[in-house]
Amino acid sequence: MVTNITSFGRSGLSDWLMQRVTAVILLAYTLFMVGFFLGTSNLDYLTWVSLFQGTWMRIFSLLALLSLAAHAWIGLWTVSTDYMKSTGVRLVFQAVVALALFAYVVWGVQLLWGV
Amino acid sequence: MLQVSVYRYNPETDEAPSMKDFEIDTQGKDLMVLDVLHLVKEKDSSMTYRRSCREGVCGSDGMNMNGKNGLACITPLSEVVKNGKLILRPLPGLPVIRDLVVDMSLFYEQYERIQPYLINDTPAPAIERLQSPEDRDKLDGLYECILCACCSTACPSFWWNPDKFVGPSGLLQAYRFLIDSRDTATRERLSELDDPFSVFRCRGIMNCVSVCPKGLNPTRAIGHIRDMLLSNAT
Ligand code: SF4
Ligand code: SF4
Ligand code: FES
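Procedures and definitions
- Residues numbered from 1 in each chain as written.
- Chains lettered and ligands numbered in written order.
- Predicted model: local features only at pLDDT ≥ 70, side-chain atom pairs only at ≥ 80, totals over all residues.
- Heavy atoms only, no water.
- 1 Å grid on protein atoms, 1.4 Å probe; cavity = no way out; pocket = protein on both sides within 12 Å on 5 of 7 lines; lining within 4 Å.
- Points joined across faces, edges and corners; volume = space filled by probe spheres on them.
- Helix = DSSP H or I, 4+ residues; strand = E, 2+ residues; numbered from the N terminus.
- Nonpolar A, V, L, I, M, F, W, Y, C, P; charged D, E, K, R; others polar.
- Buried < 20%, exposed > 50% of the residue type's maximum accessible area, 1.4 Å probe, protein only.
- Contact = heavy atoms within 4.5 Å.
- Salt bridge = Lys/Arg side-chain N within 4 Å of Asp/Glu carboxyl O.

Next up on the list: the layout of surface pockets. As a volume, the largest pocket reaches approximately 220 Å³. Contributing to the lining of the largest pocket are 15 residues, with T6, T81 and R90 of chain A together with K164 and F197 of chain B lying nearest its centre. Where the lining of the largest pocket is concerned, the elements lending two or more residues are α3 (55-83) and α4 (87-112) of chain A. Classifying every residue of the lining of the largest pocket gives five nonpolar, seven polar and three charged.

Following this line, the structure appears as structure tokens:
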């Protein structure tokens, strides 16, 4: 057993599963968005706003946002443990990524509940 | 005439590795790469490599031939030579001891980690522990591994984390004992593998499958281990 403290779920299996589940959610969100753009004939500000005023859309979007953050964290964490051999450099990189993802999530929540 | 370019490095005297070229007369025969190395050694006796059985059984002459890992003794020139040139390098990713000889310690440490022996704490029967023919069949494609390290040293995930990722060879052996009906330590074995490195660093690139001189499939074994971890998890 290789000990690790910075990975997402502390277990390779849970990270692996999480990576797949979040990928499916992101795919569903992308397909939904593409469908929305193709299926809406007159796309103006009002249709766009009314879409995001529905609670279900906010839940779906927040889910996609959290999935994106988790997916990016697991992916970039893996890349950093592959290529950054200096512990200091790796920890700084991981801190920057974590901070950026956290900021994106907060910002996204603000946007979603701001419309 | 065959152009042979060989990796030379003696850490005690050389500052850096270099390639040395030889002209070898194969007399038009489709020799094995190992035979060519013998001819090279006749010209330069300081040339160093490992070999023993010369028939693909011992696994000691794994090396990189024109960019692909394999056993020199069972690789005919016709399979690897391009434009009349043969480039020989040590297995990638492991420390070089001398010329084509690498230090396999990291590779063996991973092998040791997966406990490559039957664990069974039930009382031993008077005769050997029996196994049904069906259960025995499950070991086919696993037990044949000769630990040549061709696969693990062709695996990028093993290059980056040879101390944490078990590697294709070790994982093939891990599965060989996980699936053995006579082994009772399945759970303990699995719990040793459930971290982000040991198994899950495999990215499914299948370099291991493409180089294994025994035609084994570590990627498939790794997939089976993942399935076992999944069905054992809560
Ligand atoms: S399939 Fe997995 S073990 Fe095989 S070479 Fe690729 S990453 Fe390595
Ligand atoms: S799986 Fe194949 S390539 Fe890997 S060590 Fe065993 S015999 Fe060699
Ligand atoms: S010399 Fe034994 S495998 Fe090649």
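Residues and elements named next belong to chain B. Following the sequence through the fold, P92 ends up in the loop between β5 (85-89) and β6 (96-98). Residue P92 is classed as partly exposed on the basis of its relative accessible area, which comes to 24%. In this structure the C-alpha to C-alpha distance between P92 and L171, which are 79 residues apart in sequence, comes to 19 Å. Contacts of P92, omitting those with residues within four sequence positions, involve N64, N69, T153 and W159.

All names here are of chain B. Scanning the entire structure with this criterion turns up twelve salt bridges over all chains. Here K20 makes a salt bridge to D44, at a shortest N to O gap of 2.8 Å. Pair noted here: K20 is in strand β2 (residues 18-24) and D44 is in the loop between α1 (33-43) and β3 (62-65), with a separation of 24 residues, a long-range link. Classification of K20 by relative accessible area gives partly exposed; the value is 35%. Taking relative accessible area as the criterion, D44 reaches 13% and is therefore assigned buried. A salt bridge links D180 to R176, with the nearest nitrogen and oxygen atoms 3.0 Å apart. Under the relative-accessibility criterion, R176 is labelled buried at 13%. What you see here is one network of salt bridges that share partners, running through R8, K20, D44 and D99.

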